[in-house]
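Residue strings, one per chain:
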Amino acid sequence: MTAIAIKRALLSVYDKAGLVELAAALHGAGAELVSTGSTAKTIEQAGIPVTKVEDLTGFPECLDGRVKTLHPRVHAGLLADLSNPDHERQLAELGIAPFQLLVSNLYPFERTVASGATPPEIIEQIDIGGPAMVRAAAKNHGSVAVVTSPGQYGDVVKALANGGFDEPERRRLAAQAYAHTAAYDAAVASWFAASYAPDEVAEETGWPDLVAQVWRRADALRYGENPHQRGALYEARTTAPGADPGIAHAEVLHGKAMSYNNYVDADSARRAAYDFAQPCVAIIKHSNPCGIAVGANIAAAHAKALACDPLSAYGGVVAANSAVTDAMAGQIIDGFAEVVIAPDFDPAAIEILTGKWKNIRLLRCDPPPWGAAGGAGETTDRSISSEFEFRPVSGGLLAQTWDRIDQPGDDPAGWELKAGAAADAATLADLAFAWRACRAVKSNAILLAAGGASVGVGMGQVNRVDSARLAVARAGNRAAGSVAASDAFFPFPDGFEILAEAGVRAVVEPGGSIRDDGVIAAAQAAGVTLYFTGVRHFYH
């Protein structure tokens, strides 16, 4: 397809990286350069001829630079469809020359938000003229090429050597330009929603009228949940301080490409491990823990987690909330793991793991901003993605605030003793561990624990009786003397009675059933300590 030679280019950029080299290449190819403000000054200082926009328009920049390119002599030059004879006639009558190239990147809105700037300072970084020009040139890509990133300047140099950009190239640049302005607008909309929505926009519901987020494709996966499904990984923009980079931004240190299911399980594993301040390891299969434990060090935590269900743990995803050591790595290679995710790896641990398996996936991922123990903590990120989590449903999205272990009922000091003797310090510590660990189990969830480790897990059942039976069966003789946590109340005493008959000595649950009295009576009859938390942690 015929390329359009670049005879006239408009340059207006905040990011000056590569600008002088690009301007020199354009000038060397015979293109006339038109530019704005500091961009023109940078080009001039390099000794390259340039026409200032105010000389083109005959109108000075004003309002502290808010108005400089919003003028017919700029936008007519960008929007004229040169395949339309009437447009060409009008340009000639008006004495306006068309542009064949726009180079523009926008004010650093997100970086300004991330810096902790005040709202007036942030608002000043909402670009108006830049997006208007970019959208105009992208709309008119039949006649104009638009470049929005210094990373694309090499393409401009190649196009100069080839007589300009051809139509498919201009269309691709236009698509990238619209993605650029869409991301920018989404960032602005999200900031407004997070900054003003709670008080001014959503007084009745507490929810903003609109949420905006942009995801960029980070990887194309071999397939989705099953081989007949296509799969891809998209990552959210996380530039604000306090934003959780999440599993999508993890650095793959070693191994074959991550699969869709690897990412799902790794996210669940990371979520589970960071519910604890102590060294913790969670081993996950199909989004459920095969084992989860805390220990004096990360290797001890891993050994205890693995002991819960070594059969199921084979081929699982292992997450640690501190650096993987050589001792932990040596334990992992005694079995098999598909993925190991941690905030870091000791060099010796990497050598051990990769020496045994060339395909094992090692992921380094920063901790979540709320830190250990799952509390909300203090975060300066006020983006929509930090406030809410979303789940697609047919035709839309469900949104909710994140479930974190930060409610008053999550602290054992706030628990209410309902039956039996008050737990001693060791028992209370195990109950607190079981309560936090249970949050990582798909509902209905029952988790048995002893010594800071899960010993039996009943997950994802459609009634709490079956979950209790499954947890007891998986624990075997370890059920006797253990403690148990239930993610929601027992609707009838029968589920609790299964635990008591297995020798569970203390149970923690939310309470709140209309039949709580029956469960309390069953605990009193069995001599089992029973605490109510008053808070529920379903995980669907």
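Residues numbered from 1 in each chain as written. Predicted model: local features only at pLDDT ≥ 70, side-chain atom pairs only at ≥ 80, totals over all residues. Heavy atoms only, no water.

Q: An account of the overall build of the protein is requested, with residue identities and associated values reported.
A: For the protein, the helix and strand inventory stands at 20 helices and 21 strands. The C-alpha radius of gyration of the protein comes to 30 Å, more than 25% above the 24 Å expected for a compact globule of 540 residues. Principal-axis analysis of the C-alpha atoms gives the protein an extent of 95 × 55 × 40 Å. Contacts spanning at least 24 positions in sequence make up 57% of the contacts within the protein whose residues lie at least 6 apart. Positive and negative side-chain charges of the protein, numbering 44 and 61 respectively, have mean locations separated by a distance of 6 Å. (Helix = DSSP H or I, 4+ residues; strand = E, 2+ residues; numbered from the N terminus. Rg over C-alpha atoms; globule rule 2.2 N^0.38 Å. Contact = heavy atoms within 4.5 Å. Lys, Arg positive; Asp, Glu negative; His and termini not counted. Charge placed at Lys NZ, Arg CZ, Asp CG, Glu CD.)

Q: Explain the nonpolar core residue by residue, including any values.
A: Among the nonpolar cores identified, the biggest contains 28 residues, and Phe 276, Ile 292, Leu 431, Phe 433, Leu 447 and Val 508 are the most heavily contacted of them. Those elements giving two or more residues to this core turn out to be β9 (280–285), β10 (288–294), α17 (425–438), β17 (446–450), β19 (483–486) and β20 (506–509). Sorting elements by how many residues they give to this core places α17 first, with six residues. With residues up to four places along the chain from it excluded, the contact list for Phe 433 reads Phe 276, Ile 292, Ala 293, Val 294, Ala 449, Gly 452, Ala 453 and Ser 454. One finds Ala 305, Ala 329, Leu 353 and Ala 453 within the second-largest nonpolar core, a separate group that totals 25 residues. (Core = buried A, V, L, I, M, F, W, Y, C linked by side-chain atoms within 4.5 Å. Buried < 20%, exposed > 50% of the residue type's maximum accessible area, 1.4 Å probe, protein only.)

Q: How would you explain the packing of aromatic side chains if you had to name every residue and give the values?
A: Inspection of the entire model under this criterion finds seven aromatic pairs. Considering the side-chain rings of Tyr 314 and Phe 336, the 5.4 Å spacing of their centres and the 45° angle between planes classify their relative orientation as tilted. With Tyr 314 in the loop between α13 (310–313) and β11 (316–320) and Phe 336 in the loop between α14 (326–332) and β12 (337–342), this residue pair connects regions lying 22 residues apart in the sequence. Classification of Tyr 314 as exposed rests on a relative accessible area of 54%. The positively charged end of Arg 8 is found above the aromatic ring belonging to Phe 99, 4.2 Å away from the centroid. (Phe/Tyr/Trp six-rings, centres within 6.5 Å; stacked < 30°, edge-to-face > 60°. Lys NZ or Arg CZ within 6 Å of the ring centre and 35° of its normal.)

Q: Hey, could you go over the environment of Val 472 for me, with residue numbers and the actual values?
A: Relative to the helices and strands, Val 472 resides in helix α18 (residues 464–475). When its relative accessible area of 18% is taken as the criterion, Val 472 is described as buried. Between the C-alpha atom of Val 472 and that of Leu 499, which follows or precedes it by 27 residues, the distance is 7.0 Å. Beyond its immediate stretch of four places on either side in the chain, Val 472 contacts Leu 448, Ile 498, Leu 499 and Ala 502.

Q: Quick rundown of the pairing of β10? Include the residues and the values.
A: β10 sits mainly inside the fold: seven of its seven residues count as buried. Both β9 and β10 contribute to a ladder of six bridges, which runs antiparallel. Bridging from a neighbouring strand, Ala 282 pairs with Ile 292 of β10. With antiparallel pairing between neighbouring strands as the criterion, β9 and β10 make up a hairpin whose turn holds two residues, including His 286 at a positive phi of roughly 55°. (Pairing = 2+ DSSP bridges.)

Q: Tell me about the sheet that holds strand β1 (residues 8–13), residues and numbers included.
A: Sheet architecture is open: five strands sit in the order β3-β2-β1-β4-β5, paired in parallel fashion. At either margin of the open sheet sits one strand with a lone partner, and together these are β3 (51–52) and β5 (145–147). Bridge count between β1 and strand β4 (residues 101–105): five bridges; the pairing is parallel. Among the inter-strand pairings, Ala 9 is bridged to a residue of β4, identified as Leu 101. Strands in contact with helix α8 (residues 129–139) are β1, β4 and β5; relative to β4, the strand with the most contacts, it is inclined by about 145°. Where helix α9 (residues 153–161) meets the sheet, its contacts fall on β1, β4 and β5, and the angle it forms with β4 comes to roughly 170°. (Axes fitted to C-alpha atoms, helices over the stretch in contact; angles between N-to-C directions.)

Q: Tell me about the pattern of salt bridges, and name the residues and values.
A: On inspection of all chains with the given rule, the structure shows 15 salt bridges. For Glu 32, the salt bridge is made with Arg 8, and the minimal N-O distance between the two is 3.3 Å. Here the residue Glu 32 occupies a position in strand β2 (residues 32–35), and Arg 8 occupies one in strand β1, the gap between them amounting to 24 residues. Between Arg 171 and Glu 167 there is a salt bridge whose closest N-O contact spans 2.5 Å. Within this pair, Arg 171 and its partner Glu 167 are both found in helix α10 (residues 167–201), separated by four residues, close to a single helical turn. Exposure remark for Arg 171: the relative accessible area of 44% places this residue in the partly exposed category. For Glu 167, a relative accessible area of 23% translates into the label partly exposed. (Salt bridge = Lys/Arg side-chain N within 4 Å of Asp/Glu carboxyl O.)

Q: Can you lay out the packing of helix α4 (residues 72–79) against α8 for me, pointing to particular residues and giving the numbers?
A: Packing of α4 against α8 leaves a shortest axis separation of 8 Å and a crossing angle of 30°. Between α4 and α8, the crossing angle belongs to the class labelled roughly parallel. The residues of α8 that touch α4, namely those facing Val 74, His 75, Leu 78 and Leu 79, are Ala 132, Met 133, Ala 136, Ala 137 and Lys 139. (Parallel < 35°, antiparallel > 145°, perpendicular 65-115°, else oblique.)

Q: If you had to explain α4 to someone new, which residues and values would you point to?
A: Considered for burial, the residues of α4 that qualify are Val 74, His 75, Gly 77 and Leu 78. One side of α4 carries all its buried residues, which in axial view fall inside an arc of 160°. (Arc of directions from axis to C-beta.)

Q: Before we move on, can you summarise helix α11 (residues 260–273) with the specific residues and values?
A: Helix length check: α11 (14 residues) gives 20 Å between terminal C-alpha atoms against 20 Å at 1.5 Å per residue, within 8%. Listed as buried for α11 are Asn 262, Tyr 263, Asp 265, Ala 266, Ser 268, Ala 269, Arg 270, Ala 272 and Ala 273. (Expected span 1.5 Å × (residues − 1).)

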